[in-house]
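Spelled out, the chains give:
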Amino acid sequence: MGIARASIEKSLLTWILMLGCLLGGVWGFFDVGRLEDPAFTIKEAVVVTRYPGASAAQVAVEVSEPLESAIQQMGEVDTIRSTNRPGLSTINVEIKSTFGGDELPAIWTKLRARIRDAARDLPAGAQEPLVNDSFGDVFGIFYAITAEGFSDAEKHRIATFLRRELLAVDGVADVETQGLPPEAIFVEPSLALTYNLGVPPGVIAQAVSDANMVSQAGSVQREGRRIDIQAPEGTDSVDDIAGLSIGVGGEVVNLFDIAQVVREREAYPQQIIRFNGQEAFTLGVAGLSSENIVEVGQRVDARLAALEDEIPVGVELMPIYQQHEVVDEASNAFLVNLAMSVAIVVLVLAVAMGWRAAVVVGTTLLLTVVGTLFFMAIFAIEMERISLGALIIAMGMLVDNAIVVAEGMQIKMAQGMKSRDAADDVGGKTQIPLLGATVIGIMAFAGIGLSPDATGEFLFSLFAVIGISLLLSWVLAITATPLLGHYLFKVGSGDGQHDAYGGSFFRAYAAILRGALRVRLLVVAALIGVTVACYIGFGLISQQFFPNSNTPLFYAHLTLPQGTPIHQTADELAKVEAWLAEREDAVSVASFIGQGATRFMLTYGPEEANPGYGLLIIRTETIEEIPALRQDLIDFAAEALPAGLFRTERLVFGPGGGAPIAARFSGPDPVVLRQLAEEAAARMSDASDNLRHLRTNWREQELVMQPIFATERAQTAGIERQDIADVLQFATDGTRAGEYREGERLIPIIVREQPDEADLISQVVYSDAAEAFVPLEQVIDGFRHVPQDTLIHRRDRLPTITVEAGIPADVTAAQVHSEIRGAVEAMDLPVGYGFEWGGEYENSTEAQASLGQQLPLSFLVMVLISIFLFGRLRQPLVIWLLVPMSVNGVAIGLLGTGLPFTFTALLGLLSLSGMLIKNGIVLVEEIDLVRAEGVEFTQAVVDACVSRVRPVLLAAATTILGMIPLLSDAFFASMAVTIMGGLAFATILTLIAAPVLYSLFLKRSAEKAAAAAPA
């Protein structure tokens, strides 16, 4: 007894299966995790090392080089990038993508051990390297907090309170604050008084440092118990610090007699944040990866609502990005699209096959989708952008299985066959071909989902969901569909008068097919011509790695010349904020000066610290408003910010954040590298008019002041180079002398010269040897100004400069890259220097290379399955010759709509190939079965194709129409057009090209076999 007959005979088990899918799917929908993007581990750590006083070149050679050398010895490391600034080394360590997220903790432990060992050989002035392995954490619930009228200390207390409360929310992994105004306690001695009293600045710094130091005071034994002794409590207020006494030359001097002590904001903070023009700080909340981010976000919202009475009046929390709402909206939109797709399927089937078949196939489709949600919940596959896309991609193949079985049963029963016999007959003929075709459809995505690298990790849910849904669709097609058909389909009279394929449509198709078979060579030639033309047309389609996001946000970046103070950057950016405040289409504007924002999206890469950098995150009401506002903003900035580099950037689905066009040059000499970069920039500019904001990542050189040390005079006075450095530090930024503890805050205490007395050349240096002050001008021969590189990038231990450029909104990076590629690659490089492309070209090349490594194996498995299904070679050859032609419809569709060929379109093309192969297998199998009944070859081909024309057309029509709701979705639009255009043409291939090729390859052998057979 076949499976289909058994599903009717043992209907209770089938009903249990159907109810299990339905009820399990309802449970799964509410229980399955929800994310914006797939849980993806950013396999990168950052090593930060401070080397105060060193130039960028010294940092690169003396700090970054030895650390990079130690890191490079780790076999797990893929790429090492370092950014070297005066006094600071930042090394980014990227791990090979083949290592899983569960292996990273051990790798980070190994990295720390390597860094710890290498740190022993660093220069004496270098501080201990710090390893940050939480670089990739995503704080998707992102607020700007304004507290106008509150002191800086009160803002810190508010931030601490909110962070403490939100960390207690179930499902919250971490809470990060950024942009809080930094405070310091400044001790500012009077230069004249300290000089006359003979008080060196070092004595003041030491007194301040000792005043609040935590130190051991021993312990005593009392009555058999050990009692610790604590040191006397230190100073706990600014007034106490001002009241410190200093011993000088046997006399005691109060600090307030010779210095001012003030608590105030630091003059040059690392970052300034504003929201809608008001000073603000940000609060980012990250959820646990195992939690449903929608539920975590709702709990965070509920907690903030409960805290309203405790948050002071005047403190405003305004969302910059709320991941849980974005995810919830995407889930609801998917449900709407799914409902519309199912409704379209039912309506099309109702028109073509009657309402009974529509109910049977529609119910099977619905059970397949909700059953897939059930298994997603069981296997902990989150509902996110990729997994939802997988369900949509699979929709066409899900419908096909049920249509084949339902249509076959309906026709058999209309001819008088009982439902059980009809189910047994149809199921017996189609279950193996459908299973083989289903597995082939799954294998089309196996190379992506099972890839051992980052691509496989990011897209595993695509393969898993397609695999689950297609296998479940096959199971339900041979169980639920026959049972529903048993209840709903009517049995005909069986008098032989019912001809299911006697209608005018079927007769017309049969006539067309007979004509094509008669001129099969001409048809093949036409197909080849059309295919060649479409491949040429495909080359004209713009390429884009990932489509733009449908979130109504975009970025604006401002970069001023290297060395620009942060307040000047803030003032320049304020011009843009004021302009945006007058625009009705700008809903909100968040400004970040000095460095990028907290990583609030997986695909956002924060900009490194740079006082000349500013970022705007601009929200509009809808994505349709972005292009016009973006262009107007660019035009305004071109006039208002002539000194800066201003560019805008759309959010994209997938990796982003870098320049779309990038060319890297590596070599030992920074001078030669800058020359190569200038030549490359000139060649790019000449080759294309589509480049915007050409620049290098080393930026401009800066002037550096260097005192000219008078060696002989200084030695005579007992003055060392470090003494001069100390006095210049005291006269400018100040010397950090200690820390003032206020709860959990550590506020630095800085000893510096009073600002109104700051004059470098008039400083005095204290000589310990002479126990006297010496004028600075007696131990130096003035100052010189030297241009230096203050930003040096290295890649894999080589100095590397990158020429970067943006592109207009209406062209793609691939188009611009093709325009400049020849000119740049024609450059003659000196010996020892290398060149490689970066930007979007590198990203897409790496992704395609990853696919290229896995797809051949998947392709081989698919070919072998098709051979095993037929046990011959020519039938699979007929099917696989159709696959290259599937691009024809894709080219026509994308060229007609003007959409680019994106990564999602590539996934749609893979899905299309699976659908085409599936239809081809069932059709060729049907031809073989009809021929096996003794029907003449051409008649067998025509009869078999006529019997398959309705299922093929219905599957294509339902899939194409079901894609219509996705055309308005930025992420799925190009994929939808790919499937719609490709499937429309693939239907012609299935119904015309497949039988023609079958006849071309097998008719002669069939005629010979018939002639050789005994009469």
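Everything numeric here is computed off the predicted structure, so don't read it as measured data.

Let us look at the environment of Gly896. Mapping Gly896 onto the fold places it in helix α28 (residues 887–897). Take Gly896: its relative accessible area is 65%, and that puts it in the exposed class. Spatially, the C-alpha atoms of Gly896 and Gly981 are 9.6 Å apart, while their sequence positions differ by 85 residues.

The phi dihedral of Asn276 is positive, around 50°, even though this residue is not glycine. We note that Ala380 has phi near 55°; this positive angle belongs to a residue other than glycine. Relative to the elements of secondary structure, Ala380 occurs in the loop between α12 (355–378) and α13 (385–414). We classify Ala380 as exposed; its relative accessible area is 59%.

A separate point is the side chain of Arg752. Here Arg752 is to be found in the loop between β24 (745–751) and β25 (764–767). You can call Arg752 buried: its relative accessible area is 13%. At 3.2 Å, the side chain of Arg752 forms a polar contact with the side chain of Glu264. When residues no more than four places from it in sequence are discounted, the contact partners of Arg752 are Phe186, Val187, Glu188, Pro189, Glu264, Phe730 and Gly734.

Quick look at the sheet that holds strand β12 (residues 259–265) now. Strand order in the open sheet formed by four strands is β12-β7-β24-β23, with mixed pairing between adjacent strands. The open sheet terminates on both sides in strands that have one partner only, identified here as β12 and β23 (735–742). Between one strand axis and the next, the sheet turns by 25° as a mean value, whatever way the strands run.

One widely used convention gives an interface's size as the accessible area the parts lose upon coming together. Each assigned domain of the protein chain is listed with its residue range as follows: domain 1 (1–31 + 354–490), domain 2 (43–135), domain 3 (183–212 + 234–265 + 702–788) and domain 4 (506–540 + 872–1009). Centre-to-centre separation of domain 3 and domain 4, based on C-alpha positions: 83 Å.

There is a patch of nonpolar side chains on the surface, built from Trp15, Leu19, Leu22, Leu23, Val26, Phe30 and Tyr487 and spanning about 700 Å² of accessible area. Here the nonpolar patch takes six residues from helix α2 (residues 11–31), the largest share from any one element. One can find Val26 in helix α2. According to the relative accessible area criterion, Val26 is partly exposed, its value standing at 43%.

Below, the discussion takes up the pairing of strand β5 (residues 141–147). Counting buried residues in β5 gives seven out of seven residues, a clear majority hidden from the surface. Burial along β5 is two-sided: the face carrying Ile141, Tyr143, Ile145 and Ala147 and the face carrying Phe142, Ala144 and Thr146 are both buried. Pairing analysis gives five bridges linking β5 to strand β14 (residues 278–287), with the strands arranged antiparallel. Looking at the pairing, Ile141 lines up with Val285 of β14. Where β5 meets strand β15 (residues 315–322), seven bridges bridge the pair, whose relative direction is antiparallel. Bridge pairing in β15 links Ala147 to Val315.

A word on the packing of aromatic side chains. Per the stated rule, a full pass over the model turns up 18 aromatic pairs. Seen in terms of ring centroids, Phe29 and Phe30 are 5.3 Å apart; in terms of plane orientation they differ by 80°. Their pairing is edge-to-face. Note on Phe29: relative accessible area 14%, which makes it buried. For the ring pair Phe600 and Tyr604, a centre distance of 5.2 Å and an interplane angle of 35° mean the geometry is tilted. Just as Phe600 is buried, Tyr604 falls in that class too. Sitting over the face of the ring of Phe186, Arg752 holds its NZ or CZ atom 3.8 Å from the ring centroid.

How each quantity is defined
- Residues numbered from 1 in each chain as written.
- Predicted model: local features only at pLDDT ≥ 70, side-chain atom pairs only at ≥ 80, totals over all residues.
- Heavy atoms only, no water.
- Helix = DSSP H or I, 4+ residues; strand = E, 2+ residues; numbered from the N terminus.
- Buried < 20%, exposed > 50% of the residue type's maximum accessible area, 1.4 Å probe, protein only.
- Polar contact = N/O pair within 3.5 Å; in protein donor to acceptor, adjacent residues only side chain to side chain.
- Contact = heavy atoms within 4.5 Å.
- Pairing = 2+ DSSP bridges.
- Axes fitted to C-alpha atoms, helices over the stretch in contact; angles between N-to-C directions.
- Domains from an automatic or database assignment.
- Patch = residues over 30% accessible without salt bridge, like charges linked within 9 Å, V, L, I, M, F, W, Y side chains within 5 Å.
- Areas by Shrake-Rupley, 256 points an atom, 1.4 Å probe, with all protein chains shown as cover.
- Salt bridge = Lys/Arg side-chain N within 4 Å of Asp/Glu carboxyl O.
- Phe/Tyr/Trp six-rings, centres within 6.5 Å; stacked < 30°, edge-to-face > 60°.
- Lys NZ or Arg CZ within 6 Å of the ring centre and 35° of its normal.

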